[in-house]
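# Summary of structural features
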Amino acid sequence: MDDNYAKSRRGKDFSSFIACEFWDDVEGSQFVTGVAFDCRSDGMNIDHFFIYDGVIPENCFIEKGIALPYSEFRKRMKNEYGVHVKFYDTQKQYQKDMLAKWNVHNAQVTRMMKKAVSFRPIVDIQKFITENICDVQQRPDIEAMQQTIRDYLRHEKLAKRQEAKLAALQNIARIFHDMEQATQRLQQQSFLVLWAQKEELEQNIEKLNNEKADCQSRVTRSEKEIQRIEQEIEEKDKRKTELIAACAQSDVSREEDKLRASKDVLLKEQNTLLTQLQRDAIELKREASIVSSLCEKIYSWNNLSKIKPLLESADKLEKSYAVFLACDYSIFSKSISGKFSL
């Protein structure tokens, strides 16, 4: 504002900004609080307070060496941040929102900050207390100061307890967040398992339905085949009955009955003859044994030269009867003509 300064803005419209950028370590975000001084050429000035979620731009609200006019600044902030920027024409609501951003809920903090901005060297303690703490020009009230200190200490303890509670709540929140994530993973995994089971059951149902349709098709074919076979059996039974009736009435049937009767008689005679042949075979075997023994006795005689004809006859006889030594009734079914000539 100095007239002797080359860049003096006296008698001109201009704006100035004071802004602070903060990092919220709880939310993990940044925000800016500040004030724009809109100064007019007629000497009037209007203070505009603002808070927005973001950072101070690289140009610090300055273009071509001059701070942005407040109207242009407001327009740009609205376009860039929308609902995340607020403008205030009075300090009251601005200070309230700023303290809320700082997570401070005691309005006295702003007055204490104002008094702590610039301290001169402390020479007079009474003056320091009067001007900077008690904010009165009269003799300080020591008792009130003591009460203030006690209140401060109590609030300090309260703040520590609140910090401990906050840390516990943050731990609870972290555990709850982990539990929610684990629950969500469990639900997802359970859903995937149930979905896989559903897919498998649907495949089994489809397979069983296909097998059922195939079985029904085979049953239908089998029923048709059974009906055909039953019809064929019925026709054959009918034909059999007809043939039996025709056979019973034919001469061939009667002749067959006679032949069966003759066969039975012949079988009986055969058995009788077989029994007789067995007895005859036993008798022949016995006689052959006697003849063989007789020939052995003849061979044992002395002077065989005198009975040479007898020996020849005995030899032929033995050879002829040799066949009967191990014979049974089957020998009578063989042709042995010429083997018994003496």
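Above this note sits the structure.
Here's what I pulled together on the structure shown here. Quantities reported herein were computed from a predicted structural model and do not represent experimental measurements.

It is worth spelling out the overall build of the protein at this point. Within the protein, the secondary structure is distributed over seven helices and six strands. Each helix and strand of the protein, ordered N terminal to C terminal, gives the series β-β-β-β-β-α-β-α-α-α-α-α-α. Within the protein, contacts between residues separated by at least 24 positions form 42% of all contacts whose residues are at least 6 apart in sequence. Only carbon and sulfur atoms are counted for the fraction: they give 55% of the accessible area of the protein, which is about 27800 Å².

So, on to a positive patch on the surface. Taken together, the side chains of Lys157, Lys160, Arg161 and Lys165 make up a positively charged region of the molecular surface. Its location among the elements puts lysine 165 in helix H5 (residues 142-249).

Taken together, the side chains of Glu230, Glu234, Glu235 and Asp237 define an acidic patch exposed on the protein surface. Mapped onto the secondary structure, glutamate 235 falls in helix H5. Here glutamate 235 falls in the partly exposed class, since its relative accessible area comes to 49%.

Bringing a nonpolar patch on the surface into the picture now. Taken together, the side chains of Ile149, Tyr152 and Leu153 present a nonpolar region at the surface, about 320 Å² in accessible area. Among the structural elements, leucine 153 can be located in helix H5. You can call leucine 153 partly exposed: its relative accessible area is 41%.

Now for the nonpolar core. Counting residues in hydrophobic clusters, the biggest one holds 14 residues, and the most contacted among them are Phe17, Phe50, Tyr52, Phe73, Met77 and Phe87. The set of elements that each furnish at least two residues to this core consists of strand E2 (29-39), strand E3 (45-52), helix H1 (70-81) and strand E6 (85-88). The greatest single-element share of this core, amounting to four residues, is contributed by H1. Those residues in contact with methionine 77 that lie beyond four places of it in its chain are Tyr52, Phe61, Gly82, Val85 and Phe87. Val35, Phe49, Ile51 and Tyr88 belong to the second largest nonpolar core, which has six residues in total.

Rules behind the numbers
Residues numbered from 1 in each chain as written. Predicted model: local features only at pLDDT ≥ 70, side-chain atom pairs only at ≥ 80, totals over all residues. Heavy atoms only, no water. Helix = DSSP H or I, 4+ residues; strand = E, 2+ residues; numbered from the N terminus. Contact = heavy atoms within 4.5 Å. Areas by Shrake-Rupley, 256 points an atom, 1.4 Å probe, with all protein chains shown as cover. Patch = residues over 30% accessible without salt bridge, like charges linked within 9 Å, V, L, I, M, F, W, Y side chains within 5 Å. Salt bridge = Lys/Arg side-chain N within 4 Å of Asp/Glu carboxyl O. Lys, Arg positive; Asp, Glu negative; His and termini not counted. Charge placed at Lys NZ, Arg CZ, Asp CG, Glu CD. Buried < 20%, exposed > 50% of the residue type's maximum accessible area, 1.4 Å probe, protein only. Core = buried A, V, L, I, M, F, W, Y, C linked by side-chain atoms within 4.5 Å.

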